[in-house]
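# Summary of the model geometry
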Amino acid sequence: MANARKRFGQHFLEAAWVAKLIGAIAPTQDQTFLEIGPGRGALTRPLAARAGRVVAIEIDRDLAALLERESIQNLRVLQSDFLDVDLRATLADERRPLRVAGNLPYNVSSPILFRLLGAADEGRFFSDATLMLQKEVADRLVARPGRKEYGALAIQVTLLADVDHLLTLPPGAFRPPPKVTSAVVRLRFRPPAVDVGDPKVFERIVRGMFLQRRKTVANALRPVADSLGRSSGELLERAQVDGTLRPEALTVHDIARLSRAVL
Ligand code: SAM
């Protein structure tokens, strides 16, 4: 069997854990799954056996070709970088909403999460995602304001999904074992928890703010406010947000008010 490729974050799940993960996902015949990073197919085969259909996106040419060669009748394998795939076009003919599953490559799990959150369309495109993550990233998903793990990921998740922690796995659950503990979480996508005005503006404020988390809110907001043709002071005043706070003290509601103040 080919060696695991480190640059693709390959840590293959051991058979003993596959049943637990499939049990947590609980696929049914009427569902279509998008699997991110099928690898050697440890999850893909049992998913395809239980679900109606599986679309699997794998970056590694050799592994994608091996899986393709198995000719599993309800499986479509795409050899591509998940982050480059045009999801709307690629999944246009699939039954929606799709469910998502994946033992994610840890080196790109944050961009993958942002991508899923951006594409879920309030649960109409993706209904939910059951994902294996580095425990540290799982902690960032559910972090509350004031914690060091709190940032852009926690804010987007609070806005767009409900999160459940399903399993914790030791390094020995994978070959080769990673250096870290892993966690399986389920995100259930839903409409935004609060009106953010223009979602693009909201996203820019969140990113601008957490790129400069050591500054005060007033200072961290200045470059974004300038780029939007507003002053930081004006936005803080209209949103009734205290500019002397640090960004990590702001709730999703505070940032939503700042975003609406731009309109
Ligand atoms: N699902 C398999 C398992 O559980 O044994 C493999 C999981 S392994 C942690 C991550 C998989 O994602 C690898 O097969 C890797 O090649 C693939 N991968 C890495 N980066 C990717 C990307 N950007 N797009 C799609 N697949 C990717």
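This write-up is about the structure you can find in this document. Bear in mind that the values here come from a model prediction, so they are computed numbers and not experimental data.

Moving on, we get to the pattern of salt bridges. Inspection of the entire model under this criterion finds 18 salt bridges. Ionic pairing is found between Asp62 and Arg5, a salt bridge with its closest N-O pair at 2.9 Å. In this pair, Asp62 sits in helix α3 (residues 61-69) while Arg5 sits in the segment before β1 (12-13), placing the two residues 57 residues apart along the sequence. Overall, the relative accessible area of 42% leaves Asp62 in the partly exposed class. On the basis of relative accessibility, which here comes to 27%, the residue Arg5 falls in the partly exposed class. Between Lys148 and Glu149 there is a salt bridge whose closest N-O contact spans 3.2 Å. The exposure class of Lys148 is exposed, given its relative accessible area of 71%. Under the relative-accessibility criterion, Glu149 is labelled partly exposed at 24%. Each of Arg88, Asp121, Glu122 and Arg124 takes part in a single network of salt bridges with overlapping partners.

As a further point, take the packing of helix α10 (residues 232-239) against helix α11 (residues 252-262). Put simply, α10 and α11 touch, their axes get as near as 8 Å, and they point 115° apart. As α10 runs across α11, the sense of the crossing is right-handed. Together, Leu235, Leu236, Arg238 and Ala239 of α10 and Arg257, Leu258, Ala261 and Val262 of α11 make up the contact between the two elements. For the contact of α10 with α11, the per-class residue count stands at six nonpolar, no polar and two charged.

Before going further, it helps to spend a moment on the site of the ligand. Near the ligand there are 22 residues, and of these Gln10, Gly37, Glu58, Asp81 and Asn103 occur at the shortest range. At 3.3 Å, a backbone N or O of Pro38 approaches a nitrogen atom of the ligand. Of all the secondary structure elements, the ones that give two or more residues to the shell around the ligand are β1 and β3 (53-58). Looking at side-chain class alone, the shell around the ligand contains eleven nonpolar, seven polar and four charged residues.

Cut-offs and rules
Along each chain, the written sequence defines residue order, and numbers are assigned to residues from 1. Selection of residues for local features in this predicted model requires a pLDDT of at least 70, selection of side-chain atom pairs for listing and counting requires 80 or more, and totals for whole chains, interfaces and linings are taken over all residues. Calculation of side-chain values draws on the structure's entire complement of heavy atoms; hydrogens and water are dropped beforehand. Here a salt bridge means any side-chain nitrogen of Lys or Arg lying within 4 Å of a carboxyl oxygen belonging to Asp or Glu. Only DSSP runs of H or I with at least four residues qualify as helices, and only runs of E with at least two residues qualify as strands; both kinds are numbered from the N terminus onward. For each residue, the accessible area found with a 1.4 Å probe, counting protein chains only, is set against the maximum for its type, and the residue is called buried under 20%, exposed over 50%, and partly exposed in between. Between N-to-C directions, angles span 0 to 180 degrees; the directions come from axes that are lines fitted to C-alpha atoms, helices contributing only their stretch in contact. For any pair of crossing helices, the crossing counts as left-handed if the nearer helix is rotated counterclockwise from the farther one by less than a right angle, and right-handed if it is rotated clockwise. Between two residues, a contact is recorded if the distance between any of their heavy atoms is within 4.5 Å. In the scheme used here, Gly and all other residues not listed as nonpolar or charged are polar, with Ala, Val, Leu, Ile, Met, Phe, Trp, Tyr, Cys and Pro taken as nonpolar and Asp, Glu, Lys and Arg as charged. Here, proximity means that at least one heavy atom of the residue falls within 4 Å of the molecule or strand. Polar contacts, as used here, are pairs of N or O atoms within 3.5 Å; protein pairs need one atom able to donate a hydrogen and one able to accept it. Residues neighboring in sequence count only if both atoms are side-chain atoms.

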